[in-house]
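Observations on the model geometry
Spelled out, the chains give:
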Amino acid sequence: MTEPLPPLVESSLQIAWDFLSGLDEIADPQQTAEYLLGNIKSQVMRGESRKLVLANRAIDNFRRRPQLVID
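Okay, so let's go over this structure.

Calculation criteria
Residues numbered from 1 in each chain as written. Predicted model: local features only at pLDDT ≥ 70, side-chain atom pairs only at ≥ 80, totals over all residues. Heavy atoms only, no water. Axes fitted to C-alpha atoms, helices over the stretch in contact; angles between N-to-C directions. Helix = DSSP H or I, 4+ residues; strand = E, 2+ residues; numbered from the N terminus. Parallel < 35°, antiparallel > 145°, perpendicular 65-115°, else oblique. Left-handed = near helix turned anticlockwise from the far one by under 90°. Contact = heavy atoms within 4.5 Å. Nonpolar A, V, L, I, M, F, W, Y, C, P; charged D, E, K, R; others polar. Buried < 20%, exposed > 50% of the residue type's maximum accessible area, 1.4 Å probe, protein only. Expected span 1.5 Å × (residues − 1). Arc of directions from axis to C-beta. Polar contact = N/O pair within 3.5 Å; in protein donor to acceptor, adjacent residues only side chain to side chain.

**Structural notes on the packing of helix α2 (residues 29-45) against helix α3 (residues 51-64)**
- At their nearest, the axes of α2 and α3 sit 9 Å apart, and the two run at 130 degrees to each other. On the basis of the axis angle, α2 is oblique to α3. In the packing of α2 onto α3, the handedness of the crossing is right-handed. Note on element contacts: α3 touches α2 through Val53, Leu54, Arg57, Ala58, Ile59, Asn61 and Phe62, opposite Thr32, Tyr35, Leu36, Asn39, Ile40, Gln43 and Val44.
- Classifying every residue of the contact of α2 with α3 gives nine nonpolar, four polar and one charged.

**Details of the environment of Leu36**
- Of note, Leu36 is situated in helix α2.
- Here Leu36 falls in the buried class, since its relative accessible area comes to 0%.
- Separated by 23 residues in the primary sequence, Leu36 and Leu13 place their C-alpha atoms 6.6 Å from one another.
- The contacts of Leu36, once residues within four sequence positions are left out, are Leu13, Ala16, Trp17, Leu20, Ala58, Ile59 and Phe62.

**Regarding α2**
- For α2, spanning 17 residues, the distance from its first C-alpha to its last is 24 Å, which sits close to the expected 24 Å at 1.5 Å a residue.
- For α2, the set of buried residues is Thr32, Leu36, Asn39, Ile40, Gln43 and Val44. Here the buried residues of α2 occupy an arc of 135 degrees about the axis, which is enough to place them on one side. Along α2, the residues that are exposed and aim more than 90 degrees away from the buried face are Gln30, Glu34 and Met45.
- By the N-cap criterion, in which a side-chain oxygen at the helix start approaches the backbone nitrogen of a residue two or three places on, α2 is capped by Asp28, the distance to Gln30 being 3.2 Å.
- Once α2 ends, the next one or two residues include Gly47, with phi positive near 110 degrees.

What follows is the structure, given as structure tokens:
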């Protein structure tokens, strides 16, 4: 049995957010939320429906994204 799409996305986002927040890895909340949401939605559109997989992949991709360096 799969979870309906909106709660699936919401719960996956919350898991990823709580994890990153707990490690103090969120410098810009708006940018982080947009990145995680976009990543999770993209995975769902490709057919992924397991919330922990969605959250973990979003976390991994967030941590590997290029960082902006401001001098």
